[in-house]
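As a plain string of letters, each chain reads:
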Amino acid sequence: MYDVILKNGLLVDGKGGKPYKANIAVFSDSIALITDKEISRARTVVDCSGLIVAPGFMDSHTHSDFLVLKDPYATPRLSQGITTDVSGNCGIGVFPYSRPILKDFVKDVLGEWDDWSWKDFSTFASYAEKRGLGCNELFLVSHTALRAAAMENPLREATEEEIDLMCSLLARELDSGAAGFSSGLYYAPCVFASPFELLSLLKVTASRGKIFSVHHRSEGNGCTESLREVLSLAEESGVKMEVSHLKAIGKKNQKEVDVMLSDIEEYRARGVDVTFDQYPYTFGSTSLFSLLPPRVLGFSRLEQRMALSLESERKVIKEEIMASDGWDSIYPLVGGENIRALYLTSHPEFNGKTLEEIKDEMGLSDPLDALFDVLKDETGLAVMTDVTETEESLEKIMKHPLMCFGTDSLYSSPVPHPRSFHSTVHFLKEYVFEKKLLTLEEAIRRMTGEIARRFGIHDRGVLEEGKRADITVFSPSELSEGEDGRNRGFRLVMVNGKIALKDDRVTEISEGRILRV
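These lines cover the structure that appears in this document, whether it is placed above or below. (Residues numbered from 1 in each chain as written. Predicted model: local features only at pLDDT ≥ 70, side-chain atom pairs only at ≥ 80, totals over all residues. Heavy atoms only, no water.)

For the pair helix α7 (residues 195–207) and helix α8 (residues 223–237), interaxial distance at closest approach is 9 Å and the crossing angle is 50°. Considered as vectors, α7 and α8 are oriented oblique to each other. Classified by chirality, the crossing of α8 by α7 is right-handed. Listed contacts from α8 to Pro195, Leu198, Leu199, Leu202, Lys203 and Ala206 of α7 are Glu229, Leu233, Ala234, Glu236 and Ser237. Of the residues in the contact of α7 with α8, the class split is 7 nonpolar, 1 polar and 3 charged. (Axes fitted to C-alpha atoms, helices over the stretch in contact; angles between N-to-C directions. Helix = DSSP H or I, 4+ residues; strand = E, 2+ residues; numbered from the N terminus. Parallel < 35°, antiparallel > 145°, perpendicular 65-115°, else oblique. Left-handed = near helix turned anticlockwise from the far one by under 90°. Contact = heavy atoms within 4.5 Å. Nonpolar A, V, L, I, M, F, W, Y, C, P; charged D, E, K, R; others polar.)

To continue, consider the pattern of salt bridges. Enumeration over the complete set of coordinates arrives at 49 salt bridges. Linking Asp366 and Lys318 is a salt bridge whose minimum nitrogen-to-oxygen distance equals 3.2 Å. Placement of Asp366 in the loop between α14 (355–362) and α15 (367–377) and of Lys318 in helix α12 (residues 311–322) is noted, with a sequence separation of 48 residues between them. For Lys318, a relative accessible area of 22% gives the class partly exposed. A salt bridge links Lys359 to Asp360, with the shortest nitrogen-to-oxygen separation between them at 3.3 Å. (Salt bridge = Lys/Arg side-chain N within 4 Å of Asp/Glu carboxyl O. Buried < 20%, exposed > 50% of the residue type's maximum accessible area, 1.4 Å probe, protein only.)

What follows deals with the sheet that holds strand β15 (residues 339–344). Read across the open sheet, the 4 strands follow the order β14-β17-β15-β16; overall the sheet is antiparallel. At either end of the open sheet lies a strand with only one pairing partner, and these are β14 (283–287) and β16 (353–354). Relative to β16, β15 runs antiparallel, the two being bridged by 2 bridges. Across the sheet, the residue bridging to Ala341 is Lys353, located in β16. (Pairing = 2+ DSSP bridges.)

Take the environment of Tyr187 next. Along the chain, Tyr187 turns up in the loop between β10 (180–184) and α7. In this structure, the C-alpha to C-alpha distance between Tyr187 and His215, residues 28 residues apart in sequence, is 8.9 Å. Once you skip the residues sitting within four places of it in the chain, Tyr187 turns out to touch Cys90, Ile92, His215, Thr286 and Ser290.

This part takes up the packing of helix α5 (residues 143–150) against α7. Two packed helices can be described by the angle between their axes and the distance between those axes. Between α5 and α7, whose axes approach to 13 Å, the crossing angle comes to 110°. As far as their axial angle goes, α7 and α5 are roughly perpendicular. Contacts between α5 and α7 involve His143, Leu146 and Arg147 from the first element and Glu197, Leu198 and Leu201 from the second. Broken down by class, the residue content of the contact of α5 with α7 amounts to 3 nonpolar, 1 polar and 2 charged.

Structure representation (structure tokens):
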């Protein structure tokens, strides 16, 4: 007797094949049978007539590191049909852990957690598994955590001895099953890494056959040069590389999209295994502090607040922001009217307001003064959204055959970017069913089987006998975004053979696993 039978569904297999009508039988945690013949005798039978049956969606780029601890049912993940996350992105992660300074570096993106009783990937995985997981989690080793563990002061260039220690720690974590290495060269402390440091870490990653995911140094002015920097490092080291959330920020930089795509194709022709991911929105979200120059990001949070309180220092910082040299200054690219304070701990009255609006409420003449006044008071979280690219550029990147799906979800603040809850629905409704930029079978492949291939996940990601039964069943006509942060149209989501969501509601079971590759 089978545990579950899904009958009469239209199967989209995750491999790019044409949809076909069939029945699926699940036994224990795996797909036991796929057939167009009638299957009988199961504990649970679900009629999927008129519904799409797909592999559980995968998210190639998320920041769910603490969500898995806070929500053992993975509600915002399952509510999008997502059954597997890739976390530890942008060089922001929680292991290896040995110095409390790491907590300050990650809190704006990941949020806060009191009990840091792990020291490495293995002990973190055990910690998370004991609490229960709503969906499967794959982790990258983060550059920030490596620097915080190897350096007493990670806000500077590392010595050779410190780089050797980082390489040793990275090798240990990769050998324990972490999927790869990630860096965020836009963020402190990764921004201070030398080319030698990066190359050393990439050689370790390549030697294990693992992937390098990178938020490269500049996505605005200098985005092509920044991309070429990491492409060259990938070529020299032999590592396979995933470029995180490919985009060009600022109106004048939209023409660089074609150049970046061409560069990626050229390096692939030269033998570099490079691909990229993308979330389906023209606006992004990150820490409001990231608008400050790298020099200021090199200060402690207390020192930053003190600097922003001094008129003479504010003048210098303003000049650095408006005429940046060798770093990605977002503010002049998008303007104060396109940067919105999503969540501020110390100034909640400004939540949801742009820097222009905050400036007016404060009675100031310059949005940068409003930014400085907000940040000098901030003792907690400061999260923003910013309009980054045109719809035309987003669609051009989305259609490219090397693009795969990611959400770049953040769960650090109570009011996150909508991508944290609605990305899969927005992607499918807007770009697949309405605009028809991708066929359904190609879109599902980029949300499932292609991600599994890139990250070395061999036991799931496609509908195939013997694979793990991570399955998402949805109604295309009913897909919609709910105001409660959930979605409509997901009839069933299975994680490792168990029904984790039914009729848009989680069933409050924790059948997810920490995946090791």
